[in-house]
Amino acid sequence: MRIAILGTRGIPANYSGFETSVEETACRLVERGHRVTVYCRASHVETSKVEHRGVQLVTLPSVQSKHLDTPSHTTLSVLDVLTHRRDIEVIQMYGVGNSLWLPPLRLTGCPLVAVVDGLDWKRKKWGRFARAFLRTSERFAIWWADEYVVDSRAVAEYYRARYRKHPLYIPYGANIPEVAQSDDCVRQFDLKPGKYILFVGRLVPEKGAHYLVRAFEAVQTDMNLVVVGDNVYDRDYVNSLKNTQDTRIRFLGFVYGEAYRQLNSYAYVYVQPSDLEGTSPALLGAMGFGNCVLVSDIPENRETIGDAGLTFRQADEKDLARRLQELIDHPEMTQRFKSLAQERVVTHYNWDRITDDYERLFYELLKRPLPPRLQIDERL
């Protein structure tokens, strides 16, 4: 098959879950003999690269602003597909906000797959116009795509209830990475292995870092709180977080590569205090590293961790502080959840199985017989 993937920042992944999902599945599809083209933004990848692990890259510019970066790049990507075609058989579009570009893509005659994220219109950063745009985009995904995909059963239930349409559920995945053998990067951050609480995410209000900072200020411990992430578009919010007087709290900005691997490998507890999520790639990654995870009790987070982690009441800083104190005071509890988290990733969030799901979908949309390896789903 010949597959084109549009709507993300591109690969290699260096930003968010969509990009990670594209890299993990696209590269596996190439290994299985398919040809995959990924459209990339010039501001996020090396413009000279035309290939990554066998995946063909088409790099195009974008207007680098909060509201125009994605739509400007998607517009150019769609125009490129329409003018060059690049011998494509299936088009996969990521991001609910990009669904308005599905109608012109119908001109290609290719089956269209829309991968919609969580309920993005609920994010606090959007004004009235942007929220209306995103709600309209939901309808376009349903009306114009041959199939639309959600990463969370909780989000799937929203679409079923609101639109009486049944989306296809395919979650994000996670790897079981090799645990770091060195702790030199951790120590360069002036941290002690096993002596810090870890948060990873964009510093936007719906990720809930402000709950965690205020809760940690009330916890009695000599551990640190490590906040990994940033937000170049909302400096006021970032500065409000950094305004804490608690010297135990460290803001590291964006961290990648070996340093990121070490931070996950030596964390005592990983916390996700979000108000809004789909299936969180950062949370799955932390579980893959074998971290004990503590999350807000929104349906999407509870779905992700199952019985392999702990929850606190959403937006309740006192309950979050209580849970943190409990885990710090009872290391045996933390250790038990570490092994459970990794087992859950292996069982439910395996990238090979997720690639099977996408590959099976593409074959079905093209009305081609499934190869024998896709005819039996071991999870059924």
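Residues numbered from 1 in each chain as written. Predicted model: local features only at pLDDT ≥ 70, side-chain atom pairs only at ≥ 80, totals over all residues. Heavy atoms only, no water.

Student: Please clarify how the overall build of the chain should be interpreted in this entry.
Tutor: A tally of helices and strands in the chain yields 14 helices and 14 strands. Its C-alpha atoms give the chain a radius of gyration of 21 Å, near enough to 21 Å, the size a compact globule of 380 residues would have. Considering only C-alpha atoms, the chain reaches an extent of 60 × 45 × 45 Å along its principal axes. Burial analysis of the chain (380 residues in total) assigns 57% to the buried set. Sequence separation of 24 or more characterises 66% of the internal contacts of the chain that already satisfy a separation of 6 or more. Element-wise, carbon and sulfur atoms account for 51% of the exposed surface of the chain, whose accessible area totals about 16,600 Å². (Helix = DSSP H or I, 4+ residues; strand = E, 2+ residues; numbered from the N terminus. Rg over C-alpha atoms; globule rule 2.2 N^0.38 Å. Buried < 20%, exposed > 50% of the residue type's maximum accessible area, 1.4 Å probe, protein only. Contact = heavy atoms within 4.5 Å. Areas by Shrake-Rupley, 256 points an atom, 1.4 Å probe, with all protein chains shown as cover.)

Student: Explain helix α13 (residues 331–348) here, please?
Tutor: An α-helical segment advances 3.6 residues per turn. Residues three or four places apart therefore align on the same side. The terminal C-alpha atoms of α13 lie 26 Å apart, and with 18 residues this matches the ideal 26 Å at 1.5 Å per residue to within 8%. Among all positions in α13, only M333, T334, F337, K338, A341, R344 and V345 are buried. In an axial view of α13, the angular spread of the buried residues amounts to 145 degrees, which keeps them on one side of the axis. Across from the buried face of α13, at angles greater than 90 degrees, the exposed residues are E332 and Q335. Next to the buried residues of α13 lie β12 (269–272), α10 (281–288), α11 (299–305), β14 (310–312) and α12 (317–329). (Expected span 1.5 Å × (residues − 1). Arc of directions from axis to C-beta.)

Student: When you look at the sheet that holds β12 in this model, what are you seeing that I'm missing?
Tutor: Backbone hydrogen bonds hold the strands of a sheet together, and the pairing may be parallel or antiparallel. Across the sheet, which stays open at both edges, the 6 strands sit in the order β11-β10-β9-β12-β13-β14 with parallel pairing between neighbours. If you trace the sheet from one side to the other, it starts and ends with β11 (249–253) and β14, each paired once. Between one strand axis and the next, the sheet turns by 25 degrees as a mean value, whatever way the strands run. Against the sheet, α12 contacts β9 (196–200), β12, β13 (293–296) and β14, and its axis sits at roughly 150 degrees relative to β14. (Pairing = 2+ DSSP bridges. Axes fitted to C-alpha atoms, helices over the stretch in contact; angles between N-to-C directions.)

Student: Just to check I follow, could you spell out the nonpolar core for this structure?
Tutor: Across soluble globular proteins, you tend to see nonpolar side chains buried next to one another. Grouped together as the largest cluster of nonpolar side chains are 58 residues, with contacts concentrated most on V36, V38, V55 and F362. Of all hydrophobic cores here, the second largest spans 31 residues; its members include L203, Y211, M223 and Y268. (Core = buried A, V, L, I, M, F, W, Y, C linked by side-chain atoms within 4.5 Å.)

Student: Hey, could you run me through the environment of V200 in this one?
Tutor: Residue position: V200 is located in strand β9. Residue V200 is classed as buried on the basis of its relative accessible area, which comes to 14%. Expressed as a C-alpha distance, the spacing of V200 and Q272, which sit 72 residues apart in the sequence, is 7.8 Å. Setting aside residues up to four positions removed in sequence, V200 forms contacts with V228, Y260, Y270 and A282.

Student: I'm lost on the environment of R235 in this one. Help?
Tutor: Relative to the helices and strands, R235 resides in helix α8 (residues 235–242). Spatially, the C-alpha atom of R235 lies 28 Å from that of T47, the residues being 188 residues apart in sequence. The residues touching R235, leaving out its near neighbours within four places in the chain, are D230 and K242. Polar contacts involving the side chain of R235 include one to the side chain of D230, which spans 2.7 Å. Within the structure, the side chain of R235 is placed 2.8 Å from the backbone oxygen of N231, a separation counted as a polar contact. (Polar contact = N/O pair within 3.5 Å; in protein donor to acceptor, adjacent residues only side chain to side chain.)

Student: Looking at this model, I keep getting lost on the side chain of D319. Mind explaining?
Tutor: Within the element layout of this structure, D319 appears in helix α12. With a relative accessible area of 4%, D319 lands in the buried category.

Student: I keep staring at the sheet that holds strand β6 (residues 112–115) and nothing clicks. Help me out?
Tutor: Reading across the sheet, the 8 strands line up as β3-β4-β2-β1-β5-β6-β7-β8 and stay open at both edges, with mixed pairing between neighbours. Each end of this open sheet is capped by a strand with a single partner; those strands are β3 (51–52) and β8 (168–169). Here 5 bridges tie strand β2 (residues 35–41) to strand β4 (residues 55–60), and the two strands are oriented parallel to one another. Bridged to C40 within β4 is T59. Relative to β2, helix α2 (residues 69–84) is tilted by about 140 degrees, and along the sheet it contacts β1 (2–6), β2, β4 and β5 (90–94).

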